[in-house]
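Letter by letter, the chains look like this.
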Amino acid sequence: MATTAKDRTAKVQKDRSMVLQKQMIAEHFRRLEEAPESGEPVVYTFVPGNLTELIRSFGALPLLPEINALQSGMRGKSRDYIAEAERAGHSEDVCTYVKCDIGMLKSGNIGPTGTRLPKPDLLLLSYTGCYTFMKWFELLREEYDCPTVFLQIPYQSDGKIEPAHRAYVVEQIRRDLIPTLERITGRAYDEDRLRHHLALAAQAEDDLVAVLESAKHRPSPIDAYFGAVYYVGPIFSAFRGTEEGVEYYRELRREVEARAAAGEGPITPDGPLNEQRYRLVVEGPPNWTSFREFWRMFSREQAVIVASTYSKVGGVYDFGFRHDPGDPLGTMADYCGGCYTNLNMPGRVEMLVDYIREYEADGFVINSVKSCNSFSAGQLMMLREVEKCTGIPGAFIESDLVDPRYFSAANIKNRLESYLQMIDARRAGNGA
Ligand code: SF4
């Protein structure tokens, strides 16, 4: 009997990597909920430049507010949380991740998986490229009256991390952060333990890069934007540098390589996408409130995403960076300074141009989100520059992260369809 799309989707639900990820997240939130009783210290921090290995080396648990916000968006809870924050006086222009988090806090601080979230023992900001992050933690500091460490991370204005910048970040980690972690956890800094976590991080990073680069195959066995959101979840949040993280990425890589060997495409909300008519690169974060609807707009047109910049916000590993256990503090400084939104504009343009060429893309789409200036500022210039360098016209669409008021399905669908028709017309013109 022929296998239907539904069967295949049902099968993938049982893939071991998905089961593992679900278990890991459930267990992490269980430990967070029990932290007030178990005494495990909790460090709130953000995805870009996060220092998970260091946090873990002190036996503390990381909690990432923007992951909670995006999860709330995916689960249909963000509208009410944003309304709650706006009633409390937060402007409509403020990043919706912040309002979603503040609204959740004011509504009882029950996290997206339904468990109560603990208070932080430390607010740790290790990426200052986004001013909103700083303001966000200032609001939480008023709420929790807990210690804060705000590292200053120099912007890569000349397209590289200067030795003085690196030394400056290392010094802040050594002078401010480590003593604070010692104080709040009651543990002494253990560099061997940190090296152990960094070595685990590098193993998972190798496997993640293999997964992302599998999109060079035809058909691509992954969707490197919508599908990649699930793939990068563990490494961008609490599990980089852990045994569970290593196991997850080993398993994921095995599954993706098996799919590539079988000539199969990724699973989308409509089933497997084996016939791939368009290969696209995407810049910008996805919309979370209509995530599946957004994905379907691409997959129903047989468009697969072969590379994206959003899947690099927690680490630009495919350009060679790996956490280095041989230089624990230096490697963390490099990681903080190397996050995607800390790159300068020419660097970001170059990355998109590389992706279009390396992954033999037919086109590229910029999703400009209203909330996030770190991503959106300069995107129109990037569009023009990438078009100039590649000779390929791009598409520009607009939405938001977790505010459903800014997702206009009809507009986005129209623009995307017109764009794909334009790719067809260019192909016909080239005799392809
Ligand atoms: S503005 Fe962007 S980077 Fe800053 S908190 Fe909001 S989503 Fe994150």
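This structure is a prediction, so every number in the text was calculated from the model and none was measured.

Cut-offs used in this document
Residues numbered from 1 in each chain as written. Predicted model: local features only at pLDDT ≥ 70, side-chain atom pairs only at ≥ 80, totals over all residues. Heavy atoms only, no water. Helix = DSSP H or I, 4+ residues; strand = E, 2+ residues; numbered from the N terminus. Rg over C-alpha atoms; globule rule 2.2 N^0.38 Å. Buried < 20%, exposed > 50% of the residue type's maximum accessible area, 1.4 Å probe, protein only. Contact = heavy atoms within 4.5 Å. Areas by Shrake-Rupley, 256 points an atom, 1.4 Å probe, with all protein chains shown as cover. Lys, Arg positive; Asp, Glu negative; His and termini not counted. Charge placed at Lys NZ, Arg CZ, Asp CG, Glu CD. Phe/Tyr/Trp six-rings, centres within 6.5 Å; stacked < 30°, edge-to-face > 60°. Pairing = 2+ DSSP bridges. Axes fitted to C-alpha atoms, helices over the stretch in contact; angles between N-to-C directions. Disulfide = S-S within 2.5 Å. Right-handed = clockwise from strand over helix to strand, strands pointing away. Domains from an automatic or database assignment. Salt bridge = Lys/Arg side-chain N within 4 Å of Asp/Glu carboxyl O. Polar contact = N/O pair within 3.5 Å; in protein donor to acceptor, adjacent residues only side chain to side chain. Nonpolar A, V, L, I, M, F, W, Y, C, P; charged D, E, K, R; others polar. Near = heavy atom within 4 Å.

Looking only at helices and strands, the protein features 17 helices and 10 strands. Relative to a compact globule of 432 residues, whose C-alpha radius of gyration would be 22 Å, the protein shows 21 Å and is just as compact. Counting only C-alpha atoms and orienting by the principal axes, one finds that the protein spans roughly 70 × 50 × 50 Å. Looking at the protein as a whole, 56% of its 432 residues qualify as buried. Taking the intrachain contacts of the protein between residues at least 6 apart in sequence as the baseline, contacts between residues at least 24 apart amount to 78%. Here the protein displays about 17,700 Å² of accessible surface, and carbon together with sulfur accounts for 48% of that area. A distance of 4 Å separates the average location of the 51 positive side-chain charges in the protein from that of its 61 negative side-chain charges.

Applying the stated criterion across every chain, the model contains 26 aromatic pairs. With a centroid separation of 6.0 Å and 65° between ring planes, the pair formed by Trp 288 and Tyr 310 is classed as edge-to-face. Of the two residues, Trp 288 is situated in the loop between strand 7 (278-283) and helix 12 (291-299) and Tyr 310 in the loop between strand 8 (303-308) and helix 13 (328-337); the sequence distance between them amounts to 22 residues. Neither Trp 288 nor Tyr 310 differs from the other in exposure class; each is buried. Plain terms: the ring middles of Tyr 355 and Tyr 359 are 5.9 Å apart, the flat faces sit at 80° to each other, and that makes the pair edge-to-face. There is no split in this pair, since Tyr 355 and Tyr 359 are both buried. The structure contains a cluster of three or more aromatic residues connected by ring pairs, namely Tyr 225, Phe 226, Tyr 230, Trp 288, Phe 291, Phe 294, Trp 295, Phe 298, Tyr 310, Tyr 340, Phe 375 and Phe 407.

Let us now look at the sheet that holds strand 7. The strands making up a sheet associate through backbone hydrogen bonding, with each pair oriented either parallel or antiparallel. Strands sit in the order 8-7-9-10 across an open sheet of four strands; the sheet is parallel. Single-partner strands in this sheet number two, and they are strand 8 and strand 10 (394-399). Strand-to-strand twist of the sheet, defined as the mean angle between neighbouring strand axes without regard to direction, takes the value 30°. Summarising the sheet, strand 7 and strand 8 pair through five bridges and their orientation is parallel. Within strand 8, the position partnered with Tyr 278 by the bridge is Ala 303. Docked against the sheet, helix 12 engages strand 7, strand 8, strand 9 (363-369) and strand 10, running at close to 110° with respect to strand 8. Packing of helix 17 (residues 409-429) onto the sheet brings it into contact with strand 7, strand 9 and strand 10, and relative to strand 10 it is tilted by some 175°.

A word on the sheet that holds strand 4 (residues 148-150). Read from one edge to the other, the open sheet built from four strands follows the order 2-1-3-4, with strand pairing classed as parallel. Bordering the open sheet on either side are strand 2 (61-63) and strand 4, each of which pairs with just one other strand. Pairs of neighbouring strands in the sheet enclose a mean axial angle of 25°, with direction left out of account. Direction of pairing for strand 1 (residues 42-45) relative to strand 2: parallel, over a ladder of three bridges. Bridged to Val 43 within strand 2 is Pro 62. Sitting on the sheet, helix 2 (residues 16-38) touches strand 1 and strand 2, and the angle it makes with strand 2 is about 100°.

A few words now on the state of the cysteines. Applying the stated rule across the entire model yields zero disulfides. Looking at the unpaired Cys 100, the closest cysteine sulfur is the one in Cys 95, lying at 9.7 Å. Relative accessible area serves as the criterion here: at 0%, Cys 100 is assigned to the buried category.

Right, let's talk about the pairing of strand 8 for a bit. Buried residues dominate strand 8, accounting for six of its six residues. You can see the chain leave strand 7, run along helix 12 and come back into strand 8, and the turn it takes is right-handed.

This part is about the domain arrangement of the protein. For the protein, the assigned domains read domain 1 (14-189) and domain 2 (264-431). The C-alpha-based centres of domain 1 and domain 2 are spaced at 25 Å. Contact with domain 1, which involves 41 residues of that partner, is made by 34 residues of domain 2. At the surface where domain 1 touches domain 2, the tally comes to three salt bridges. Close ionic contact of Glu 86 with Arg 405 constitutes a salt bridge, the shortest N to O distance being 2.8 Å. If you look at where domain 1 meets domain 2, you find 16 residue pairs in polar contact (both at pLDDT 80 or more). Secondary structure elements with two or more residues in the side of domain 1 that touches domain 2: helix 3 (52-57), helix 4 (65-74), helix 5 (78-87), helix 6 (96-106) and helix 8 (163-185). By residue number, the principal contributor to the side of domain 1 that touches domain 2 is helix 8, which donates six residues. Split into classes, the residues belonging to the side of domain 1 that touches domain 2 amount to 22 nonpolar, 10 polar and nine charged.

What follows concerns the pairing of strand 10. Most of strand 10 sits inside the fold, with five of its six residues counted as buried. In this structure, strand 9 lies alongside strand 10, joined through six bridges in parallel fashion. Of the residues in strand 10, the one forming a bridge with Asn 367 is Ile 397.

Our focus in this paragraph is the site of the ligand. Close to the ligand lie Cys 95, Tyr 97, Cys 130, Thr 132, Phe 133, Trp 136, Ser 371, Cys 372, Ser 374 and Leu 401, which account for all nearby residues. Of all the elements, helix 7 (residues 131-144) adds the most residues to the shell around the ligand, at three residues. Its residues assigned to classes, the shell around the ligand shows seven nonpolar, three polar and no charged. The two domains that each donate at least three residues to the shell around the ligand are domain 1 (14-189) and domain 2 (264-431).

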